[in-house]
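Coordinates in review
Single-letter residue listing:
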Amino acid sequence: MTAALPLPAVDLGEVRPCLEGAIPAIMATCAADGTPNVAYISQVYYVDEGHVSLSFQFFNKTRQNLLANPRSTLLVLNPLNAVFYRLHLRYLRTEASGPVFESMKAQLAGIASHTGMADVFRLRGSDIHEVIEVERLPQEPLPEALPPPPPKPNFLAVLRRGSSRLSAARSLGAALDATLDTLTQDLAVRHAMMLILDTTTQRLYTVASRGYATSGVGSEIALGDGVIGVAARECTPVRIMHMTSAYLYSRAMRNSLGDACPHNTDIPYPGLPEPHSQLAVPLQSAGRVVGVLFVESPLDMQFSFEDEDLLVALGGQLGAAIDLMQEAEAPCTEDEVQTAAAKAPPVAAGPALRVRHYRSNDSVFINNAYLIKGVAGAILWKLLCDGQHGRNEFTNRELRLDSSLRLPDVADNLEARLLLLHRRLAEQCPQLRIQKTGRGCFRFEANGPVELEDVAG
């Protein structure tokens with residue numbers, strides 16, 4: 001009788017597609033007296049080439065066995081080619097903090113935010129296991145061959161093109177558009193958005209998007225709300241590959257606590273109503289979160305760990321660019337002003353605008369329709385009031401020095417707020433326009449009469 005050939009040992013990197021959560025892993029443990037136990041595992045997380053982390057959510061038989069006998073076996077399946085792998089593990093420790101724990105917790109919290117099952121999905125710890133050996137099991141012939149997976153782009157080449165686009169950007173708006181161009185043109189991502197963090201309100205507001213019926217510019221999401229808010233709060237990417245039912249987004253924007261304004265200030269959130277794949281990547285600069293890059297799809301299994309790695313690398317450059325795009329404080333020259341004015345397209349005249357401003361939250365309504373609030377709303381009100389006295393030229397520096405705008409002392413993101421205001425005006429009220437005239441300066445134009453009303457409540 002011929003002896004069976006040993007199963008081929010493989011590198012753990014080959015197993016990473018099995019750890020996406022599409023098909024649950026099966027874990028076998030053994031009690032101190034030799035009694036075996038088999039259970040499904042909620043989450044298997046790739047740590048590095050020699051370690052994986054398993055979610056610790058319940059103190060069950062599997063947990064008791066691991067504490068008594070650290071050896072276990074894990075069976076995982078690659079959903080793309082139906083190949084099984086067997087991982088021989090040794091339990092090392094449980095972490096309740098740190099990057100691995102936070103990343104696993106963020107992914108579970110993102111799911112829980114949609115399902116309302118925060119207690120069930122609560123992560124108690126991440127169990128770190130050493131991978132002693134990985135085996136690729138013999139594959140049985142399939143009745144029908146699986147279709148080959150779609151070809152993947154060259155991620156390094158995509159990153160190079162994306163970096164080139166970013167390096168050529170000379171404004172915050174151009175940097176955001178350059179990143180979105182890379183997503184749509186090189187990665188075939190159809191739905192994406194950029195959000196900037198307002199450190200004062202601890203909310204993220206949309207400044208750019210692609211692929212939605214409405215841009216959603218100005219819509220807001222609180223820290224911890226959905227995968228976007230969780231990624232920002234935990235400062236780690238959150239990737240969800242499959243959803244078995246239609247999960248409802250939390251309202252993208254809620255009235256702030258104590259808001260006395262009687263009018264609705266919701267800007268419709270542009271997200272998909274039934275997403276099946278999502279990836280949110282925090283944009284960081286100097287160790288702090290400045291925003292979130294978010295992509296989604298109505299199809300399952302659309303964003304792999306390779307996509308995540310690419311977006312993290314690209315997002316790191318964009319996060320630094322957001323900080324660097326704070327305009328130089330040097331005033332613009334007269335030539336720059338005249339050149340910008342010559343390039344500015346004319347704005348069609350319209351009827352008189354009735355503008356109402358609420359001091360409680362600096363919300364601004366035009367002809368009874370909500371436009372914007374917060375710091376951007378305070379900026380718009382200042383421009384309108386100064387415009388009533390015949391002034392229309394402004395500098396970024398004077399806005400930063402104006403205490404009435406209540407800009408934060410650190411990371412004021414003034415450029416992002418001006419960009420948000422510029423795009424909201426272009427979409428909702430083209431009779432008002434912010435026109436960049438040079439470095440750190442701009443012109444505010446009102447084409448037609450404006451009636452102002454300031455409401456204390």
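Note: the structure precedes this text.
Described in the following lines is the structure provided in the data block.

Here we look at the overall build of the protein
When helices and strands are tallied, the protein shows eleven helices and 20 strands. Counting only residues that meet the buried cut, the protein has 48% of its 457 residues in that class. By element, 55% of the accessible surface of the protein is carried by carbon and sulfur atoms, the whole surface being about 21700 Å².

With respect to the layout of surface pockets
There is about 850 Å³ of room inside the second largest pocket. As for the second largest pocket, its lining consists of 27 residues, of which Pro 150, Met 301, Gln 302, Phe 303 and Asp 307 are closest to the centre. Among the elements that make up the lining of the second largest pocket, the one with the highest residue count is helix 7 (residues 305-324) (three residues).

Describing the pattern of salt bridges
According to the stated counting rule, one finds 26 salt bridges in the structure shown. Here Arg 165 ties to Asp 186 by a salt bridge, and the two come within 2.7 Å at their closest N and O atoms. Of the two residues, Arg 165 sits in helix 4 (residues 155-168) while Asp 186 sits in helix 5 (residues 172-186), which places them 21 residues apart along the sequence. By relative accessible area, Arg 165 is classed as partly exposed at 23%. On the accessibility criterion, Asp 186 (16% relative accessible area) is buried. Between Asp 386 and Arg 391 there is a salt bridge, with the nearest N and O atoms lying 3.5 Å from each other. By relative accessible area, which is 33% here, Arg 391 ends up partly exposed. Members of the salt-bridge network, linked through shared partners, are Lys 382, Asp 386, Arg 391, Glu 398 and Asp 402.

Section: the packing of aromatic side chains
A complete count under the given rule lists three aromatic pairs for this structure. When the centroid spacing of 5.5 Å and the interplanar angle of 65° are considered together, the rings of Phe 365 and Tyr 370 count as edge-to-face. Neither residue differs from the other here; Phe 365 and Tyr 370 are each classed as buried. Seen from their ring centres, Phe 394 and Phe 442 are 5.8 Å apart, and the 20° between their planes marks the pair as stacked. With a gap of 48 residues between them, Phe 394 in strand 17 (residues 393-395) and Phe 442 in strand 19 (residues 441-446) connect regions that are remote in the sequence. Three or more aromatic residues joined by ring pairs form one cluster here, namely Tyr 358, Phe 365 and Tyr 370. Lying over the aromatic face of Tyr 46, Arg 16 brings its terminal NZ or CZ to 4.2 Å of the ring centre. Taking NZ or CZ as reference, Arg 63 lies 3.8 Å from the ring centre of Phe 56, over its face.

Overview of the nonpolar core
Residues Leu 183, Leu 311, Ile 379, Leu 380, Leu 425, Leu 432 and Phe 444 are the most contacted members of the largest nonpolar core, which totals 62 residues. Looking at this core element by element, the count peaks at eight residues for helix 9 (residues 374-387). The residues touching Ile 379, leaving out its near neighbours within four places in the chain, are Leu 399, Leu 405, Leu 414, Leu 418 and Leu 421. Core analysis: the second largest hydrophobic core is formed by 21 residues, Val 10, Ala 25, Leu 54 and Leu 66 among them.

Quick notes on the packing of helix 5 against helix 7
For the pair helix 5 and helix 7, interaxial distance at closest approach is 10 Å and the crossing angle is 170°. It follows from the interaxial angle that helix 5 and helix 7 lie roughly antiparallel. Along its contact with helix 5, which presents Leu 172, Ala 175, Leu 176, Thr 179, Thr 182 and Leu 183, the element helix 7 presents Leu 311, Leu 314, Leu 318 and Ile 322.

Cut-off values and rules
Residues numbered from 1 in each chain as written. Predicted model: local features only at pLDDT ≥ 70, side-chain atom pairs only at ≥ 80, totals over all residues. Heavy atoms only, no water. Helix = DSSP H or I, 4+ residues; strand = E, 2+ residues; numbered from the N terminus. Buried < 20%, exposed > 50% of the residue type's maximum accessible area, 1.4 Å probe, protein only. Areas by Shrake-Rupley, 256 points an atom, 1.4 Å probe, with all protein chains shown as cover. 1 Å grid on protein atoms, 1.4 Å probe; cavity = no way out; pocket = protein on both sides within 12 Å on 5 of 7 lines; lining within 4 Å. Points joined across faces, edges and corners; volume = space filled by probe spheres on them. Salt bridge = Lys/Arg side-chain N within 4 Å of Asp/Glu carboxyl O. Phe/Tyr/Trp six-rings, centres within 6.5 Å; stacked < 30°, edge-to-face > 60°. Lys NZ or Arg CZ within 6 Å of the ring centre and 35° of its normal. Core = buried A, V, L, I, M, F, W, Y, C linked by side-chain atoms within 4.5 Å. Contact = heavy atoms within 4.5 Å. Axes fitted to C-alpha atoms, helices over the stretch in contact; angles between N-to-C directions. Parallel < 35°, antiparallel > 145°, perpendicular 65-115°, else oblique.

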